[in-house]
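Structural overview for review
Chain by chain, the residues run as shown.
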Amino acid sequence: MDPSILHLHDELRLRRYSPRTITHYTNWIKRLKAFHGREPEAMESEEVRAFLLDVLDRGCRPSTYLLALNAFRFFFRSLGRAHVVAGFKSPRPDYRVPEVPDEEEVRRILNACRTLRDKAFFHLLYASGLRLGEALDLRVDELDFPKRQVFVRCGKNRRDRISILGETTVTILKEYLAYHRPPTERLFSSFQSPGARRTPRGVQQAYSNAVSRAGLTRRYTIHGLRHAFAAHLAER
């Protein structure tokens, strides 16, 4: 690993950034290096600006641009060269609310799951309002069936929180654990690599497949399950 990338990787780990953020930030520094063909720690504002303009010219979303900018801010500040990124302003965020399936559509999606693992996973996202990454990192001992609660460790902004477990969710999770006891403490692990974390892309693809099998034509994303949780709760 290049010294600059290793430095960034270690600094992010020391400050307890998530593995996903570490991957994103290091990838942006690698792209900056490849764009100019030289080590990024010696670059100046003009070179960062040229790269960011190229990113914009490629039609990236504001959220993608902001991710790159945050990576550069962290990198250069960690080197004591904050002046390199001091003049860059954050873009206006693009607020996009995902399409939300209604309760009948959610039932059809859950019934269309090919595996009990997927059904339990998607039901947990919907009925407990969990984010994808939070559900992927859940451990078996973070489920409290008697109290009907799930403990979410280091969620968004690395904050712990507690969410609810409905009666139906508890039943499905118990069935899943009885039928497919995870080989490690991780609640949902990979079939290909038992004990390893499932990939977000694999879960998203499984959800898209379930939506298609349910005969739904609207482009529902897995993130919409969290919004559905809040919307349906408010309607009751």
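On a predicted model such as this, the values are computed, not experimentally measured, just so you know. (Residues numbered from 1 in each chain as written. Predicted model: local features only at pLDDT ≥ 70, side-chain atom pairs only at ≥ 80, totals over all residues. Heavy atoms only, no water.)

1. As for the environment of V84
In this structure, V84 sits in the loop between helix 4 (62-78) and helix 5 (103-111). A relative accessible area of 0% means that V84 is categorised as buried. Sequence separation of V84 and F72 is twelve residues, and the distance between their C-alpha atoms is 9.0 Å. (Helix = DSSP H or I, 4+ residues; strand = E, 2+ residues; numbered from the N terminus. Buried < 20%, exposed > 50% of the residue type's maximum accessible area, 1.4 Å probe, protein only.)

2. So, the nonpolar core
F121, F122, L187 and I222 are the most contacted members of the largest nonpolar core, which has 40 residues in total. Of all elements in the fold, only helix 5, helix 6 (116-128), helix 7 (132-136), strand 2 (149-152), helix 8 (167-179), helix 9 (200-213) and helix 10 (223-235) reach the threshold of two or more residues within this core. Top contributing element to this core by residue count: helix 6, with six residues. One finds L8, Y25, M43 and V48 within the second-largest nonpolar core, a separate group that totals 24 residues. (Core = buried A, V, L, I, M, F, W, Y, C linked by side-chain atoms within 4.5 Å.)

3. So, the pattern of salt bridges
Under the counting rule described, the total for this entry stands at 15 salt bridges. Here K33 makes a salt bridge to E39, at a shortest N to O gap of 3.1 Å. Each of the salt bridges in this network shares a partner with another, and the network as a whole consists of R131, E134 and R161. (Salt bridge = Lys/Arg side-chain N within 4 Å of Asp/Glu carboxyl O.)

4. Side note on the packing of aromatic side chains
In this description, an aromatic ring pair is defined by two values, namely the gap between the centres and the angle between the planes. Counted by the stated rule, this structure contains eleven aromatic pairs. Each ring, one from F75 and one from F76, has its centre 5.1 Å from the other, and the planes form 75°; the classification is edge-to-face. Like F76, F75 is buried. Here the aromatic rings of Y176 and F188 are separated by 5.3 Å at their centres, their planes lie at 25°, and the arrangement is stacked. (Phe/Tyr/Trp six-rings, centres within 6.5 Å; stacked < 30°, edge-to-face > 60°.)

5. Side note on unusual backbone geometry
At R16, a residue that is not glycine, the phi angle is positive and equals roughly 60°. Within the fold, R16 resides in the loop between helix 1 (3-14) and helix 2 (19-36). On the accessibility criterion, R16 (56% relative accessible area) is exposed. Even without glycine at this site, R148 takes up a positive phi of about 55°. Secondary-structure assignment places R148 in the loop between strand 1 (143-144) and strand 2.

6. Quick notes on the sheet that holds strand 2
Within a beta sheet, neighbouring strands are joined by backbone hydrogen bonds and run either parallel or antiparallel to one another. Judged by pairing direction, the sheet is antiparallel, and its three strands sit side by side in the order 1-2-3 without closing on themselves. Looking at the sheet topology across the chains shown, the edges are occupied by strand 1 and strand 3 (161-164). Bridge count for strand 1 against strand 2 is two bridges, and the pairing is antiparallel. Bridging across to strand 2, D144 finds its partner in Q149. (Pairing = 2+ DSSP bridges.)

7. Section: helix 5
Within the sequence span of helix 5, burial applies to E105, V106, I109 and L110. Looking down the long axis of helix 5, one finds its buried residues gathered within 135° of arc, a one-sided arrangement. Taking the backbone nitrogen of E104 as reference, a side-chain oxygen 3.2 Å away marks D102 as the first, capping residue of helix 5. (Arc of directions from axis to C-beta. Polar contact = N/O pair within 3.5 Å; in protein donor to acceptor, adjacent residues only side chain to side chain.)

8. Description of helix 3 (residues 45-57)
With 13 residues, helix 3 ought to run about 18 Å at 1.5 Å a step, and its terminal C-alpha atoms sit 18 Å apart, in line with that. Inspection of helix 3 places E47, V48, F51, L52, D54 and V55 among the buried residues, and these make up the whole buried set. All buried residues of helix 3 fall inside an arc of 155° around its axis, so they share one side. Opposite its buried face, helix 3 presents the exposed residues E46, R49 and D57, each directed more than 90 degrees away. (Expected span 1.5 Å × (residues − 1).)

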